[in-house]
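One letter stands for each residue in the lines below.
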Amino acid sequence: LPAAPLSAEAAAKARESSLKSSPRVAIETPSIKGSIALKGGRLDDLVLVKYRVKSDPKSANVALFSPADAPNPYFAEAGWSAQGAGVLLPDRDTVWKLEKEGATLTATTPVTLVHDNGQGLVFRRTISVDADYMFKLMDEVENKSAADVTLYPYARLYRYGTPPIEGFYIQHEGLIGVLGDAGLKEITYADVQKENGSQRFEGKTGGWVGITDKYWAAALIPDQTATFAATMRLASPKSATSKEAFQVDYLRGAIVVPPGARKGVESRVFAGAKQVDLIEGYETTHGIKQFELLVDWGWFYFITKPLYHLINWLYKLLGNFGLAILAVTVLVKLAFFPLANKSYESMAKMKKLQPEMERLKERYKDDKAAMQQEVMKLYQKEKINPLAGCLPILVQIPVFFALYKVLFVSIDMRHAPFYGWIKDLSAPDPTSMFNLFGLLPFAVPEYLAIGAWPLIMGVTMWLQMQLNPPQPDPTQQAIFNWMPVMFTFLLASFPAGLVIYWAWNNILSMAQQAYIMKKQGVPVPLKDNLVRMFGPVLRLVGIGKGAGESAKG
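The sections below set out a description of the structure shown in this document. (Residues numbered from 1 in each chain as written. Predicted model: local features only at pLDDT ≥ 70, side-chain atom pairs only at ≥ 80, totals over all residues. Heavy atoms only, no water.)

Some points on the environment of aspartate 296
- Tracing the sequence through the fold places aspartate 296 in the loop between α3 (276–286) and α4 (301–318).
- In this structure aspartate 296 comes out as buried when scored by relative accessible area, which is 14%.
- Sequence separation between aspartate 296 and lysine 214 is 82 residues, and the spatial gap between their C-alpha atoms is 9.0 Å.
- Leaving out residues up to four positions away in the same chain, aspartate 296 has contacts with Ile170, Gln171, His172, Glu186, Lys405 and Val409. (Helix = DSSP H or I, 4+ residues; strand = E, 2+ residues; numbered from the N terminus. Buried < 20%, exposed > 50% of the residue type's maximum accessible area, 1.4 Å probe, protein only. Contact = heavy atoms within 4.5 Å.)

Next comes the structure, spelled out in structure tokens:
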């Protein structure tokens, strides 16, 4: 049977123990720390020093790569392959030598690993890294033998086990790549495990292949002018004793090294946080084809990306990501103010005609064709376009969905505090109404953790619905009454930043709708609806005799 999952503390100890199984070259930069295993020459120990597992400043840093014998192996590897068994090549058991003993890989000091195969071939691997998350590998072969040697450069990313999925249907997590003219390819962990889920791409030039999480990613980037074949596949299926494993890799064309010559290939490995500005900079600086697509901008790319840059600018200006969310919601509302006004004006005019519409329905209840003709005549007389109330809303839907997606995928929101009890906008509201928001000394099951902000969102959604008259159909009215409750439970597990955005958007929409209704001379039924629903309760407890009488009437 599979071993029981290790606790976080036990997994960390097991990882540290596995690091000692191989001599290593230390990595120290402003963004990462870790090491390169001399056994196998793998990049298999990377920790992101600017990011922690939890919002607690004492929490451990995020570990991205781990060695092959750690609890959850995840590593990058580069090397050479050859046809046949005549050439002795470095493999996972090969112990490389550090050309300069005691060297440390930093943003200003590269390191070189050397291996002599004893058959006339000397392999050198020079590794450099910038101050962020981009590694450059220069693999060279010096041929001291008497014959030509033909080798094929390759690189691979290997990941053991399916990590926790955070994005669900909102964001892609899994295998990803841009493969030359094939463009962007995305395969989820679940899909790659299906029959024929693995994919291979032949004869591609330009692009990259990698594995992405919600906030982190690793990518192999070959020379953008070289032709390569790439695969995105299941490395090994799940069994009774082991987890499934995934691999992305590429294989370049043949490199012929004549006697007495030295030839090499250059490649890059990205491994770190999905910071948008950084990734876009790498695309420009290194000429990496569509590297910006490592961040999942979705179908509404042309809206989502500009919105991200707007939020990021507001974040830098206001100093709080929560305030940036509120500000950008206001700006989006202002941008769509004319369209929304037309929508609300159309709805307001329709509400003014509601009594006349009811009379027409009653008069022509047995003749639907005649009723429709009379309704159209009424629309023409009052100069109302029934579609005018819908079209502006349809235009706004992609924008609000794009904004929702930006808030979900943005790494800037991760562990960003708001005010009060919200210490992490990317995590659900930590309070619950069922223990009076922490006043009662007991923990609440996760499915009952309905926090304060989800309640605010539900109340504002319900109040917005009360701006409309009661529905004549009791079933429709019941749906409208219960919809805010369902959304409250649904969004309780969503990141607090998204819930705050939704609640604030409700408040702005409610204010705008009430303003337009008053401007059009349409009564705002909010007070009447509240009295109708709560008047009997108020009368029962002896509060508001007038309210009770109004409700009775």
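Examining the nonpolar core
- By size, the foremost hydrophobic cluster in this structure holds 114 residues, and its most contacted members are Phe65, Phe135, Phe270 and Phe291.
- Of all the elements, helix α9 (residues 391–409) adds the most residues to this core, at 8 residues.
- Not counting chain neighbours up to four residues away, the residues in contact with phenylalanine 270 comprise Tyr133, Met134, Ala217, Ala218, Ala219, Ile221, Ile279, Tyr282, Phe291 and Leu294.
- Judged by nonpolar contacts, the second largest core, of 9 residues, contains Met357, Leu360, Met371 and Val375. (Core = buried A, V, L, I, M, F, W, Y, C linked by side-chain atoms within 4.5 Å.)

Describing the pairing of strand β5 (residues 74–81)
- Within β5, 7 of the 8 residues are buried, leaving the element largely enclosed by the surrounding structure.
- Summarising the sheet, β5 and strand β10 (residues 149–160) pair through 8 bridges and their orientation is antiparallel. By the bridge assignment, tyrosine 74 is partnered in β10 with arginine 159. (Pairing = 2+ DSSP bridges.)

Observations regarding a nonpolar patch on the surface
- A contiguous nonpolar surface patch, about 690 Å² in accessible area, is contributed by Met433, Phe434, Phe437, Trp482, Val485, Met486 and Phe489.
- Looking at the secondary structure, you find valine 485 in helix α11 (residues 474–491).
- Taking relative accessible area as the criterion, valine 485 reaches 33% and is therefore assigned partly exposed. (Patch = residues over 30% accessible without salt bridge, like charges linked within 9 Å, V, L, I, M, F, W, Y side chains within 5 Å. Areas by Shrake-Rupley, 256 points an atom, 1.4 Å probe, with all protein chains shown as cover. Salt bridge = Lys/Arg side-chain N within 4 Å of Asp/Glu carboxyl O.)

Here we look at the packing of α4 against helix α5 (residues 321–335)
- The interhelical angle for the contact between α4 and α5, taken along N-to-C directions, is 130°, at an axis separation of 8 Å. Relative to α5, the element α4 is oriented oblique. Relative to α5, α4 is oriented so that their crossing is right-handed. Contacts between α4 and α5 involve Leu307, Leu310, Ile311, Leu314, Tyr315 and Leu318 on the former and, on the latter, Phe321, Leu323, Ala324, Ala327, Val328, Leu331 and Val332. (Axes fitted to C-alpha atoms, helices over the stretch in contact; angles between N-to-C directions. Parallel < 35°, antiparallel > 145°, perpendicular 65-115°, else oblique. Left-handed = near helix turned anticlockwise from the far one by under 90°.)

What to know about unusual backbone geometry
- Of note in the backbone geometry, glutamine 290 takes a positive phi value of approximately 50° without being a glycine.
- Positionally, glutamine 290 belongs in the loop between α3 and α4.
- Positive phi is not limited to glycine here, since histidine 415 has a value of about 60°.
- Residue position: histidine 415 is located in the loop between α9 and α10 (452–465).

Focus on the packing of α10 against helix α12 (residues 496–519)
- Across the interface, α10 lies against α12 with an axial gap of 9 Å and an inter-helix angle of 25°. The orientation of α10 with respect to α12, classified from their angle, is roughly parallel. Of the two elements, α10 crosses α12, and the hand of that crossing is left-handed. Residues Trp453, Pro454, Ile456, Met457, Thr460, Met461, Leu463 and Gln464 of α10 form the contact with α12, whose own contacting residues are Val499, Ile500, Trp502, Ala503, Asn506, Ile507, Ser509, Met510 and Gln513.
- When grouped by side-chain class, the residues that make up the contact of α10 with α12 number 12 nonpolar, 5 polar and no charged. (Nonpolar A, V, L, I, M, F, W, Y, C, P; charged D, E, K, R; others polar.)

With respect to empty space enclosed by the protein
- Taken as a whole, this structure holds 3 cavities of 30 Å³ or more when the rule is applied.
- In this model, the largest cavity occupies a volume close to 90 Å³.
- Around the largest cavity, the lining residues are Ile36, Gly41, Arg42, Leu43, Ala76, Glu77, Ala78, Arg125, Ile127, Leu137 and Val269.
- Within the residue set of the lining of the largest cavity, elements represented by two or more residues are β3 (42–52), β5 and β8 (121–129).
- The element that contributes the greatest number of residues to the lining of the largest cavity is β5, accounting for 3 residues.
- Looking at the lining of the largest cavity residue by residue, the classes come out as 7 nonpolar, 1 polar and 3 charged.
- In this model, the second largest cavity occupies a volume close to 60 Å³. (1 Å grid on protein atoms, 1.4 Å probe; cavity = no way out; pocket = protein on both sides within 12 Å on 5 of 7 lines; lining within 4 Å. Points joined across faces, edges and corners; volume = space filled by probe spheres on them.)

A look at the pairing of strand β14 (residues 207–212)
- Of all 6 residues making up β14, 6 are buried, and the element is well covered by its neighbours.
- By the alternation rule, side chains of β14 split into Gly207, Val209 and Ile211 and Trp208, Gly210 and Thr212, which are all buried.
- Strand direction decides the pairing type here: strand β11 (residues 174–179) and β14, joined by 6 bridges, are antiparallel. For leucine 179, the partnering residue across the bridge sits in β14 and is glycine 207.
- As defined by bridge partners, β14 adjoins strand β15 (residues 216–221) across 4 bridges and the pair is classed as antiparallel. When the sheet's bridge partners are listed, isoleucine 211 is paired in β15 with alanine 218.
- Once β14 ends, the chain turns through 3 residues before running back antiparallel as β15.

Notes on the environment of valine 444
- Note on placement: valine 444 falls in the loop between α9 and α10.
- Measuring from C-alpha to C-alpha, the distance between valine 444 and methionine 433 comes to 9.2 Å, with 11 residues separating the pair along the chain.
- Beyond its immediate stretch of four places on either side in the chain, valine 444 contacts Ser432, Phe434, Asn435 and Ala449.

What to know about the packing of aromatic side chains
- Tallied over the full model, the rule gives 18 aromatic pairs.
- Within the aromatic cluster, the residues linked to one another by ring pairs are Tyr133, Trp208, Phe270, Tyr282 and Phe291.
- The ring of phenylalanine 408 has lysine 214 lying over it, and the distance from NZ or CZ to the ring centre is 3.9 Å. (Phe/Tyr/Trp six-rings, centres within 6.5 Å; stacked < 30°, edge-to-face > 60°. Lys NZ or Arg CZ within 6 Å of the ring centre and 35° of its normal.)

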